[in-house]
Amino acid sequence: MRVWCSSGSALLSLLLMGLSGVALAHSEVQDLFHEGLAGPYRLFVTVRPPAVIPGIAEVRVRTEHDDVDMVEVVPLPLEGAGSHLTPAADVATRSERDSQSFQASLWLMTPGAWQVRVTAHGKRGSHTLAVPVRALPTRTEAMSTPFSALLLGLLVLLWMGAASVARAAAREARLAPGEKLSLRDRRRGNWAFAATALCMGLLVWVGGRWWREEAKGYEAILYQPLKLAADYLPKVGEGTLALRLEDPGWLPSRRLDDLVPDHEHLMHVFIVRVPEMDRVYHLHPEKVGPARFERPLPPMPAGRYQVWAEVVHATGMTETLRTELLLPDVPGEPARGDDALGTAAPLSQSSTDSRTFTLEDGARMVWLRDEGPLSLDAPGHLRFRVENAEGHPAGDLEPYMGMLGHAAIVRTDREVFAHVHPSGSVSMAALDIARAALEPRPADGAPEGEMKHAGCHGAVTGPMPSDVSFPFGFSLPGRYRLFIQVKRHGTVQTAVFDARAGGRSLTPVSEGKVP
């Protein structure tokens, strides 16, 4: 009995050590939104990638049409040979509450750039839309206490059962029917019990070490974004922003020299003065050396600024980098090219339910939304209308980097940032890669402007409307500031709105169609 107690205590300790070491998982949420055309069908696709790789991605599809009979989804690598080897697709489940909505779950097996192909089957044939998806292991978290207790109980039960079977076999297997146990038989049984318990304890200990090594190896591949270093060069021009990318050594395959243009620029930078978020600058630094970028700054007041920089690798992998920058008063140069800036009331003086913003020329932008906070996990459209000074639809929007508008959505604690277009939150460069395998490339010599982003929902191809909408959904509660940028009369104008997420729905997908 003493042997049992001693070995049992040791085994319990080992079990607890093992469980504490293996209780790891990931949970970060980075939903992706894309609205586009699959042949004649307009689809609104939401993908919630897993935080653990391999892991399950949740895919939601809503079609604008009622003649879609079935939706199939399948994951593929974004590029390479694997992008042409399509496995059997999964059939999405139609929603019981909304016949035009479908949902499916897909396994993403390795970290990297993936695509989800969505095929809509209906009376107008079968047509496919490809949505680029990032699959990144991002976080570890502890196993729940009830589940840990359940596993521990099952292991103890298994251990006691095995040791008891060994003891019974050792002391009674040689007895004749009716023969009583001798002292020697009892001792042999107890030794068998102790030996079995120790062996099982050793197995648990070895298993715990193995599992901890696996967890340690997994932590080594947790996604680490490129590091961004920002410097102010006061003696270069009227003040220049210098950015430098550094690789923290995440994956050997990641490179710093393979960036590709997205909306015609290698890098998009949003700079917001904090904490009041009353100034925003959308700049496009140019490459001046290996992993080095510079851009003349516009006039900027002194203060502390949050910097977000977006880049796209040739693999289609997008990365959003962040850092802070402390600036003195910057004389600056007028914004040029696609650079833009905007001002707004400080957060401390603004409402969280703003719906109208006056632009610099007296026109105004109206957020077409209901009053009250916005719902979580309810993808829809953020819709805005530009009206002239008389309150009529302006009808004078111009393409801004090929799109009807750009939106930067920032939670006020700066832990959430999203750059969204009328086609959604996916990168246009990654979308081009995903579409390449679906559609024939333009003939050699075709003008670049005719190829880039053509056919994407939100790309400017016809008469200019007064409304612009952005497919999006809030997955985390909190107060958000939205910077909405449109181009009119050759000038990029920025409207700023505030809202709180955690309440009502956005404009339903079915009502948010952009002209």
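The rules behind these values
- Residues numbered from 1 in each chain as written.
- Predicted model: local features only at pLDDT ≥ 70, side-chain atom pairs only at ≥ 80, totals over all residues.
- Heavy atoms only, no water.
- Helix = DSSP H or I, 4+ residues; strand = E, 2+ residues; numbered from the N terminus.
- Expected span 1.5 Å × (residues − 1).
- Buried < 20%, exposed > 50% of the residue type's maximum accessible area, 1.4 Å probe, protein only.
- Contact = heavy atoms within 4.5 Å.
- Polar contact = N/O pair within 3.5 Å; in protein donor to acceptor, adjacent residues only side chain to side chain.
- Axes fitted to C-alpha atoms, helices over the stretch in contact; angles between N-to-C directions.
- Parallel < 35°, antiparallel > 145°, perpendicular 65-115°, else oblique.
- Left-handed = near helix turned anticlockwise from the far one by under 90°.
- Nonpolar A, V, L, I, M, F, W, Y, C, P; charged D, E, K, R; others polar.
- Pairing = 2+ DSSP bridges.
- Salt bridge = Lys/Arg side-chain N within 4 Å of Asp/Glu carboxyl O.

## Topic: helix α3 (residues 183-220)
Next up, step 1: Between its terminal C-alpha atoms α3 stretches 56 Å, which fits the 56 Å expected from 38 residues at 1.5 Å a residue.
Next up, step 2: Among the residues of α3, D185, G189, A192, F193, A194, T196, A197, M200, G201, G208, A215 and Y218 are the ones counted as buried.

## Points about helix α4 (residues 428-436)
Next up, step 1: All of the buried residues along α4 are M428, A429, A430, L431, A434 and R435.
Next up, step 2: Where α4 is buried, its residues contact β1 (32-38), β8 (112-122), β9 (125-135) and β16 (303-312).
Next up, step 3: Taking the backbone nitrogen of A429 as reference, a side-chain oxygen 3.2 Å away marks S427 as the first, capping residue of α4.

## A look at the packing of helix α2 (residues 145-172) against α3
Next up, step 1: Viewed as axis vectors pointing N to C, α2 and α3 meet at an angle of 150°, and their least axial separation amounts to 7 Å. As the angle between them shows, α2 and α3 are arranged roughly antiparallel. The chirality of how α2 crosses α3 is right-handed. Across from L158, W159, A162, A163, S164, A166, R167, A170 and R171 in α2, the residues of α3 making contact are D185, R188, G189, N190, A192, F193, T196, A197 and M200.
Next up, step 2: Of the residues in the contact of α2 with α3, the class split is 10 nonpolar, 4 polar and 4 charged.

## A word on the pairing of β8
The side chains of a regular strand alternate, first on one face of the sheet and then on the other.
Next up, step 1: In terms of burial, β8 is largely enclosed, as 11 of its 11 residues are buried.
Next up, step 2: Here 9 bridges tie strand β4 (residues 68-77) to β8, and the two strands are oriented antiparallel to one another. Each residue of the ladder has a partner; that of E72, found in β8, is T119.
Next up, step 3: When β8 meets β9, the two strands line up antiparallel, connected through 11 bridges. Residue pairing for β9: G122 is matched across the bridge by G125.
Next up, step 4: Taking the residues between adjacent antiparallel strands as the criterion, β8 and β9 are bridged by 2 residues.

## Some words on the environment of F357
Next up, step 1: Note that F357 resides in strand β19 (residues 356-358).
Next up, step 2: Residue contacts for F357: discarding those within four places in its chain leaves T343, A344, A363, R364, M365, T494, A495, V496 and F497.

## Comments concerning the sheet that holds strand β20 (residues 364-367)
Next up, step 1: What the 4 strands build is an open sheet, ordered β19-β20-β21-β25; its pairing is antiparallel. Looking at the sheet topology across the chains shown, the edges are occupied by β19 and β25 (467-472). Direction aside, neighbouring strands of the sheet carry axes that sit 20° apart on average.
Next up, step 2: Pairing of β19 with β20 involves 3 bridges; the strand directions are antiparallel. By the bridge assignment, T358 is partnered in β20 with R364.

## Digging into the pattern of salt bridges
Next up, step 1: Here the structure, examined in full by the defined rule, presents 28 salt bridges.
Next up, step 2: D257 is paired through a salt bridge with R255; the nearest N and O atoms lie 2.9 Å apart.
Next up, step 3: Taking the shortest distance from any N to any O, the salt bridge between R414 and E324 comes out at 2.9 Å. In this pair, R414 is assigned in the loop between β23 (406-411) and β24 (417-420) and E324 in strand β17 (residues 318-327), connecting sequence segments 90 residues apart.
Next up, step 4: Exposure remark for R414: the relative accessible area of 15% places this residue in the buried category.
Next up, step 5: Accessibility expressed as a relative area gives 38% for E324, which makes it partly exposed.
Next up, step 6: Salt bridges sharing partners connect three or more residues here, namely D31, R48 and D377.

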